[in-house]
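The chain contents come next:
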Amino acid sequence: NAEYMGVLCVGMSGAVAKIVKHESVVPKYACTILHGMMGSGLNWANPARSLVHTFPTLQIVLPNLRNHGDAKYTFGPNTVEQCARDLFELPEPFGRDLDAICGHSFGGKVAILYCLLAQQQGIRVPQHLCLLDSMPSLRKEPIHQDSVWKVIELLKTIPLPIPSRKHLTATLLQSGNSETFAQWMNMNLRQTETGQFEWRFNLDVMQDMFVNYCRLDLWDACLSLAQSGTRVTFLIGERSNLWSDDDRANLKRLCDATSNFPAPTRSFILANAGHWVHVDNPTGLHEILANEVFDWAK
């Protein structure tokens, strides 16, 4: 069985993470999986457990990025790059001796920048980078039209404190949202001393982070990492609406440009899944990760 370890609080950095590792096997390999915006490390607990069950010598850390979950960062700008720099504060081997790093959505750009910063600073660069329905492109459409921005704006209209989880669910359902969305937002509540609830994140900071995320173009960074020997793998949900025709053309160019590299860039389509690949098709996700991304951990 994979043992799900407790919270890791690292010094004054504010880093908070959870570790998944086998209860009776000494780990040989280290991996980080990074959540998306308005998520947390807990979102990826089940996929991590499945991977450790398949690869008992693998240990996986699930950090909460700044302004998410229980992370309490009090320094530095609230940017994608700073999220990447925060990861170096995790204990070894997770901080500076990773074999692989994966990132979903927003977390994908954090993962790319972690690898790039490691490369620039002479720190060991993960040999495997997996982007889980995460697009490196600059966002061209107006930010205020994006669904994530609209979610943040919706949450800002909900008066605080929130009386109960049922109250939040009812409010979100009345706004035309799904039960699944309401359950996801409930995961982002923190109970106060009065028994009522507040958000785990600062919504204004969340908007700043999203704007910064949208303004980053990291296709060249992916090429640079591939040139240096990192195997970059894209996993895209079959029904994902994140990827435009231009984005898919950029991905094809990257795969073609690296086709003769020792570790060429590859892409895989996850059937029966939208953007939330770990929710829509967890079995198919595990099969691709186990057979194509973590095959070296056997």
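Summary of the structure given here. (Residues numbered from 1 in each chain as written. Predicted model: local features only at pLDDT ≥ 70, side-chain atom pairs only at ≥ 80, totals over all residues. Heavy atoms only, no water.)

## Examining the packing of helix H2 (residues 80-87) against helix H3 (residues 106-121)
Turning to step 1, where the next piece is worked out: Interhelical geometry of H2 versus H3 gives an angle of 65° and a closest axis separation of 8 Å. Where H2 crosses over H3, the handedness of that crossing is right-handed. Mapping the contact onto sequence places Val80, Glu81, Cys83, Ala84, Arg85 and Leu87 in H2 and Phe106, Lys109, Val110, Leu113, Tyr114, Leu117 and Gln121 in H3.
Turning to step 2, where the next piece is worked out: Across the contact of H2 with H3, the residue classes tally to nine nonpolar, one polar and three charged. (Axes fitted to C-alpha atoms, helices over the stretch in contact; angles between N-to-C directions. Helix = DSSP H or I, 4+ residues; strand = E, 2+ residues; numbered from the N terminus. Left-handed = near helix turned anticlockwise from the far one by under 90°. Contact = heavy atoms within 4.5 Å. Nonpolar A, V, L, I, M, F, W, Y, C, P; charged D, E, K, R; others polar.)

## Some words on unusual backbone geometry
Turning to step 1, where the next piece is worked out: With an omega of 5°, the peptide bond between Glu92 and Pro93 qualifies as cis.
Turning to step 2, where the next piece is worked out: With respect to the helices and strands, the residue Pro93 is situated in the loop between H2 and strand E5 (100-104).
Turning to step 3, where the next piece is worked out: Geometrically, the link from Leu160 to Pro161 is a cis peptide bond, its omega value of 0° lying close to zero.
Turning to step 4, where the next piece is worked out: The topology assignment puts Pro161 in the loop between helix H4 (147-156) and helix H5 (165-174).
Turning to step 5, where the next piece is worked out: Even without being a glycine, Asn67 presents a positive backbone phi close to 65°.
Turning to step 6, where the next piece is worked out: Mapped onto the secondary structure, Asn67 falls in the loop between strand E4 (58-64) and H2.
Turning to step 7, where the next piece is worked out: Backbone geometry places Ser105, a non-glycine residue, at a positive phi of 55°.
Turning to step 8, where the next piece is worked out: One can find Ser105 in the loop between E5 and H3.
Turning to step 9, where the next piece is worked out: Looking at Ser105, the relative accessible area reads 13%, which means it is buried. (Buried < 20%, exposed > 50% of the residue type's maximum accessible area, 1.4 Å probe, protein only.)

## Some words on the environment of Thr265
Turning to step 1, where the next piece is worked out: By the element assignment, Thr265 lies in the loop between helix H9 (245-257) and strand E10 (266-270).
Turning to step 2, where the next piece is worked out: Sequence-wise, Thr265 and Val232 are 33 residues apart; in three dimensions their C-alpha atoms are separated by 4.9 Å.
Turning to step 3, where the next piece is worked out: If we ignore the near neighbours within four places in the chain, the residues touching Thr265 are Ala226, Val232, Phe234, Leu254, Cys255 and Thr258.

## Looking at the pattern of salt bridges
Turning to step 1, where the next piece is worked out: Applying the stated criterion to the full structure yields twelve salt bridges.
Turning to step 2, where the next piece is worked out: The closest approach of N and O atoms between Asp97 and Arg124, which form a salt bridge, is 2.8 Å. Note that Asp97 is positioned in the loop between H2 and E5 and Arg124 in the loop between H3 and strand E6 (128-132), a separation of 27 residues in sequence.
Turning to step 3, where the next piece is worked out: Given a relative accessible area of 34%, Asp97 falls into the partly exposed group.
Turning to step 4, where the next piece is worked out: Of the charged contacts, one joins Arg124 and Asp99 as a salt bridge, the two residues approaching to 2.7 Å between their closest N and O atoms. (Salt bridge = Lys/Arg side-chain N within 4 Å of Asp/Glu carboxyl O.)

## A short note on the side chain of Ser40
Turning to step 1, where the next piece is worked out: Along the chain, Ser40 turns up in the loop between strand E3 (29-34) and helix H1 (45-54).
Turning to step 2, where the next piece is worked out: For Ser40, a relative accessible area of 12% puts it in the buried group.
Turning to step 3, where the next piece is worked out: When sequence neighbours within four positions are dropped, the list of residues in contact with Ser40 reads His35 and Asn64.

## Overview of the side chain of Asp247
Turning to step 1, where the next piece is worked out: Assignment of secondary structure puts Asp247 in helix H9.
Turning to step 2, where the next piece is worked out: Within the buried set, Asp247 has no salt-bridge partner at all; the shortest N-O distance to an opposite charge, 6.7 Å, is to Lys140.
Turning to step 3, where the next piece is worked out: Within the local environment of Asp247, its side chain forms a polar contact with the side chain of Ser137, the two groups lying 2.7 Å apart.
Turning to step 4, where the next piece is worked out: Leave out the neighbours within four places in its chain, and Asp247 touches Met135, Ser137, Trp219 and Leu242. (Lys, Arg positive; Asp, Glu negative; His and termini not counted. Polar contact = N/O pair within 3.5 Å; in protein donor to acceptor, adjacent residues only side chain to side chain.)

## Section: the packing of aromatic side chains
Each aromatic ring pair is summarised here by two numbers: the centre-to-centre distance and the angle between the ring planes.
Turning to step 1, where the next piece is worked out: Here the structure, examined in full by the defined rule, presents eleven aromatic pairs.
Turning to step 2, where the next piece is worked out: Ring plane angle 70° and centroid distance 6.4 Å describe the contact between Trp219 and Trp243, whose orientation is recorded as edge-to-face. Residue Trp219 is found in helix H8 (residues 219-227), and its partner Trp243 is found in the loop between strand E9 (231-237) and H9; the two are separated by 24 residues along the sequence. Judged on exposure class, the residue Trp219 and its partner Trp243 are both buried. (Phe/Tyr/Trp six-rings, centres within 6.5 Å; stacked < 30°, edge-to-face > 60°.)

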